[in-house]
Amino acid sequence: MVQRREKKLVYVNPDLLEEAAKASQSRGETVTKFLEEALAQAVKVTAVGYDLEQSGEFFEVMQAQRILGGTFVPLAVLEYLTELACRESKEQLGAVWFESGKWHGKYLKERFSDSTRALERFLWASRWDLSEVQIKRSDKDIRIRCVSTVLTEEATDHLAQFVRGIMEGIGYHTIKSEVLKGMIVQDFKQ
Amino acid sequence: MIKQTNVIKRKTFVAREDLLNRLSEIAKANGYSVFELVNEIFQLEIESNGINLSLKKMASEHRQLETARQAGFMLGLENVWYDMADLAYGKDKHLAQKSWFDAGVWFASRYTSNDQSRASLSMFKGDLSAFIWNAPELYFEQTDNQVLIRVTSPRFTEAYTFLFTSFLLGAMQRLGYKPTVQEVTRGVIRLGCVKEAEYGST
């Protein structure tokens, strides 16, 4: 038996309703279905802890990551490979991360009007091994700080190379780079 | 259903009560009125529609990331990943394969609590398809107690192909399957598996 859900009235800006009517037509839906679906999905997005305003931006960043060749990898394997690869050819691998970062940076610069904000969103969304990502801007200077309680020394070093590559790809020069196990502090100038 | 009211510049919209109650809680927690929040949501959906996007797609993306995080995955860089896989495979093939096999076992463990094996396998397949962005084809076919898996990616290196095969073998073992067919060449994996009990009885 289908359970009938109770309905309730809510106030809405009439201009938005007109725009919603046009948008719903383009999807071939009724305006009621269009708006109720929006409310339902908004509840789902906020239920997993995301801010609605940032969701569109987040989605764009993830799409960019798909285009740039992002892929999910089992964390345990990544840690094993990082440790092994560093033992064998630390510098060579660091250069690969840096070059990959530069390529990401060039794309972010082309794709987003505020590329450093896109970088912040990207790190925040994809690197859940980071407990803090902070990008401070002052005039033409930028300071990036990443903190993690779980990153190994090698993984921290790779991330630092990657971030430095991105910033150089965007068009910044590295002024200072401090890398400790689980902490990266880097200063850049445009 | 939309009704005109006497309130200037406001109309009413009829929506599900459970949704509005939840939104009321969210609005309160963020210092908004329900009116402000609902209008913000509608504005966002209208703008998203203009660029062929929707809150539904965004919610799906968030869910996928959350599932990947819980499943022990990290979003990495494909080219770096291949380089590291090549290096590890070249150094110690067996150890590298074991590492991937174990990761497969661990990943599949989250699907084995369900007693219905068909549902478990279906969930495993769904999540794997969602996570493996670097394989254009990830094909699963389940008939009775047999499973055929085919993965194709022109970008896989030889080492990565063999290591990813180990990952799948680990996962299938954890799900109770034994491999009967293994055809692996660079960029192409074809695995045939059968439920362990059935394998033993034939």
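Refer to the structure presented above.
Predicted model, so just to flag it, every value in this text is computed and none were measured.

### Describing the overall build of chain A
Argument step 1. Tallying secondary structure elements over chain A gives 6 helices and 6 strands in all.
Argument step 2. Along chain A, from the amino end to the carboxyl end, the secondary structure elements read β-α-α-α-β-α-α-β-β-α-β-β.
Argument step 3. Over its C-alpha atoms chain A spans a radius of gyration of 21 Å, topping by over 25% the 16 Å that the globule rule assigns to 190 residues.
Argument step 4. Principal axes of the C-alpha set define a box for chain A whose edges measure 65 × 45 × 25 Å.
Argument step 5. Relative to its full complement of 190 residues, chain A shows a buried share of 51%.

### Considering the packing of aromatic side chains
Argument step 1. Scanning the model with the defined rule gives 25 aromatic pairs over all chains in all.
Argument step 2. With a centroid separation of 6.3 Å and an interplanar angle of 70°, the aromatic rings of Tyr82 of chain B and Phe156 of chain B are classed as edge-to-face. Of the two residues, Tyr82 of chain B is situated in helix 4 (residues 78–91) and Phe156 of chain B in the loop between strand 5 (146–152) and helix 7 (158–174); the sequence distance between them amounts to 74 residues. We note that Tyr82 of chain B, like Phe156 of chain B, is buried.
Argument step 3. Ring geometry for Trp100 of chain B against Tyr160 of chain B: centres 5.4 Å apart, planes inclined by 85°, an arrangement best described as edge-to-face. A residue pair is termed long-range when its members are at least 10 positions apart, and Trp100 of chain B in helix 5 (residues 93–109) and Tyr160 of chain B in helix 7 qualify at 60 residues.
Argument step 4. One Lys or Arg, Arg10 of chain B, reaches over the ring of Tyr11 of chain A and ends 5.4 Å from the middle of that ring.

What counts and how
- Residues numbered from 1 in each chain as written.
- Chains lettered and ligands numbered in written order.
- Predicted model: local features only at pLDDT ≥ 70, side-chain atom pairs only at ≥ 80, totals over all residues.
- Heavy atoms only, no water.
- Helix = DSSP H or I, 4+ residues; strand = E, 2+ residues; numbered from the N terminus.
- Rg over C-alpha atoms; globule rule 2.2 N^0.38 Å.
- Buried < 20%, exposed > 50% of the residue type's maximum accessible area, 1.4 Å probe, protein only.
- Phe/Tyr/Trp six-rings, centres within 6.5 Å; stacked < 30°, edge-to-face > 60°.
- Lys NZ or Arg CZ within 6 Å of the ring centre and 35° of its normal.

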